[in-house]
Amino acid sequence: MRAVLLHEFGPPDRLRVADVPTPAPAAGEVAVQVAAAGVQFLETQVRAGTMRGVLGGAPLPVVLGKEVAGVVSEVGPGGDSALLGARVLGSTDGLGGYAETAVVPVDALVPVGDGIELPEAVALYRYGVTAQGLIRAARVTAGDRVLVLAAAGAVGTLLVQLLERSGAVVVAAARGERKLDLVGGLGADHVVDYAHRDWTGRVRQAAGGSVDVVFDHVGGVLGREAFALLTPGTGRQIVYGFSSGAPLEARPEELVGRGLTLTGFSAGHIWSRPVLARELVDEVLALGSSGRLTPVIGQRFPLERAADAHAAIEARDTVGKTLLIP
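Note that this is a predicted model, so its numbers are computed, not measured.

Visitor: I'm lost on the UniProt feature "domain: Enoyl reductase (ER)" (unreviewed entry) in the protein in this one. Help?
Guide: What UniProt calls "domain: Enoyl reductase (ER)" (unreviewed entry) maps, in this numbering, to residues 10-324. Taken end to end, residues 10-324 is 33% helix and 23% strand, and its two terminal C-alpha atoms sit 20 Å from one another.

In structure tokens form, the structure reads like this:
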């Protein structure tokens, strides 16, 4: 089969397609014929070598890829043959998704109904759970004024829609007309381009003052500028990444002095609780199947262009979810 191999850490061109043996599932696993594999920002960092610890010591070469959607093509020894031919979502052990066939633990399988296509399902899968978890962590209620940074990204596009459903006032921040048009069409009440020198002033104007919640995947200077927008006494900033390459810097005395809450969020804590994770997956898939939540797939690349997919994500030239299509 064809798979995308990472032979050495470095720039995107280190990802190259090669023919490799088709993996066979062990007991408790199935093989999935991959219809679409999600590309995560974290995987670009692993490839670059800045997050190589995620590999858990696995030696190169490796096949990256955690989230896949497809059809079960083989079950491991002692497995349930009724799974053959089933349309599923699944998470690998962190490797193997960028391929025509991937091995997935049976316990990680999520059935996909006929109401949604497989690429759209994988676009909702893990990042939909992240978005739902973020909203719960922030305790968002109707009427809250919420600022979403990187609103045109894979998580941001889902956050905007779910927040709009919650009754919050959504200010979506992104860079460039293409991204602003996208998030505006998804239901954001206001859109702001943070390439503008006075973007924070525009947020204040849109929100009618300060904001109650900031969802921050950017960090660095933008995260810090957003932090200054929080309402004293009740404001809370949820940090779930730092795509700028620099974390948000905030001193404890600032939190105390302004009465703010700063929360670090990792979706890993959700996935470590399988019952909760499955509940949230079922929620977002049901919303997607009924048309109440739109998965945004901004980019679809064949396996041969995996390097281009990584380069586009690193250049922040993507919107929504980026997929590899074998």
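Anyway, onward from the coordinates.
Visitor: Which parts of the structure should I look at to understand the layout of surface pockets?
Guide: To find leftover empty space, one rolls a probe the size of a water molecule over the atoms. Of the volumes computed, that of the largest pocket is approximately 1300 Å³. Forming the boundary of the largest pocket are 47 residues, of which Gln40, Phe41, Leu42, Tyr127 and His217 lie nearest the centre. Going through the elements one at a time, α1 (41-48), α2 (118-138), α3 (154-166), α8 (268-271) and β15 (321-325) are the ones with two or more residues in the lining of the largest pocket. Top contributing element to the lining of the largest pocket by residue count: α1, with five residues. By residue class, the composition of the lining of the largest pocket is 24 nonpolar, 15 polar and eight charged.

Visitor: Explain the pairing of strand β13 (residues 261-264) here, please?
Guide: Strand residues, when the strand is regular, have side chains that alternate between the two faces of the sheet. Bridge analysis of strand β12 (residues 236-239) against β13 gives four bridges, and the strand direction is parallel. Paired with Ile238 across the strands is Thr263, a residue of β13. Handedness of the crossover is the feature at issue here: the chain leaves β12, passes through helix α7 (residues 252-258), returns alongside β13, and the resulting connection is right-handed.

Visitor: Would you explain the pattern of salt bridges in this entry?
Guide: Side chains carrying opposite charge are able to pair once their charged atoms draw close together. In total, this model carries 16 salt bridges according to the counting rule given. We note a salt bridge from Glu279 to Arg136, for which the minimum N-O separation is 3.0 Å. Residue Glu279 is located in helix α9 (residues 274-289), and its partner Arg136 is located in helix α2; the two are separated by 143 residues in the primary sequence. Given a relative accessible area of 36%, Glu279 falls into the partly exposed group. Here Glu254 ties to Arg251 by a salt bridge, and the two come within 4.0 Å at their closest N and O atoms. The class for Glu254 is buried, based on a relative accessible area of 12%. Look at Arg251 and you get partly exposed, because its relative accessible area is 45%. A single salt-bridge network, built from bridges that share partners, covers Arg224, Arg251, Glu253 and Glu254.

Visitor: Explanation requested: the packing of aromatic side chains in the structure shown.
Guide: Each aromatic ring pair is specified by the distance between its two centres and by the angle formed by the two planes. Inspection of every chain in the model, using the stated rule, returns two aromatic pairs. Measuring from ring centre to ring centre gives 5.6 Å for Tyr125 and Trp271, while their planes differ by 75°; the resulting arrangement is edge-to-face. Placement of the pair is Tyr125 in helix α2 and Trp271 in helix α8, with a sequence separation of 146 residues. A residue is classified by how much of its surface remains accessible, and Trp271, at 22% relative accessible area, is partly exposed. A centroid spacing of 5.9 Å and a plane angle of 75° characterise the contact between Tyr194 and Trp199, whose relative ring orientation is edge-to-face.

Visitor: How do you make sense of the domain arrangement of the protein when you look at a structure like this?
Guide: The accessible area lost on association of the parts is a frequent measure of interface size. Under the domain assignment, the protein is made up of domain 1 (2-112 + 296-324) and domain 2 (125-268). At the interface, 18 residues of domain 1 touch 14 residues of domain 2. Buried surface at the junction of domain 1 and domain 2, summed over both partners, amounts to about 1400 Å²; 54% is from carbon and sulfur atoms. On the domain 1 side of the contact with domain 2, Val296, Arg316 and Val319 bury the most area, a combined 38% of that side's loss. Between domain 1 and domain 2 we count zero salt bridges in total.

Visitor: What should I look at first to understand the sheet that holds strand β9 (residues 169-174) in this one?
Guide: Sheets are built from strands that pair by backbone hydrogen bonding, the pairs being arranged parallel or antiparallel. Pairing is parallel in the open sheet, where six strands are placed in the order β10-β9-β8-β11-β12-β13. Strand pairing shows two members of the sheet lacking a second neighbour, β10 (190-193) and β13, which therefore form its edges. Neighbour-to-neighbour, the strand axes of this sheet turn through a mean angle of 15°, independent of strand direction. Direction of pairing for strand β8 (residues 145-148) relative to β9: parallel, over a ladder of four bridges. Bridge pairing in β9 links Leu147 to Val171.

Here is what the cut-offs are and how they apply
Residues numbered from 1 in each chain as written. Predicted model: local features only at pLDDT ≥ 70, side-chain atom pairs only at ≥ 80, totals over all residues. Heavy atoms only, no water. UniProt positions renumbered as here; feature names shortened; annotations may be inferred. Helix = DSSP H or I, 4+ residues; strand = E, 2+ residues; numbered from the N terminus. 1 Å grid on protein atoms, 1.4 Å probe; cavity = no way out; pocket = protein on both sides within 12 Å on 5 of 7 lines; lining within 4 Å. Points joined across faces, edges and corners; volume = space filled by probe spheres on them. Nonpolar A, V, L, I, M, F, W, Y, C, P; charged D, E, K, R; others polar. Pairing = 2+ DSSP bridges. Right-handed = clockwise from strand over helix to strand, strands pointing away. Salt bridge = Lys/Arg side-chain N within 4 Å of Asp/Glu carboxyl O. Buried < 20%, exposed > 50% of the residue type's maximum accessible area, 1.4 Å probe, protein only. Phe/Tyr/Trp six-rings, centres within 6.5 Å; stacked < 30°, edge-to-face > 60°. Domains from an automatic or database assignment. Contact = heavy atoms within 4.5 Å. Buried area = accessible area lost by both parts, 1.4 Å probe. Axes fitted to C-alpha atoms, helices over the stretch in contact; angles between N-to-C directions.

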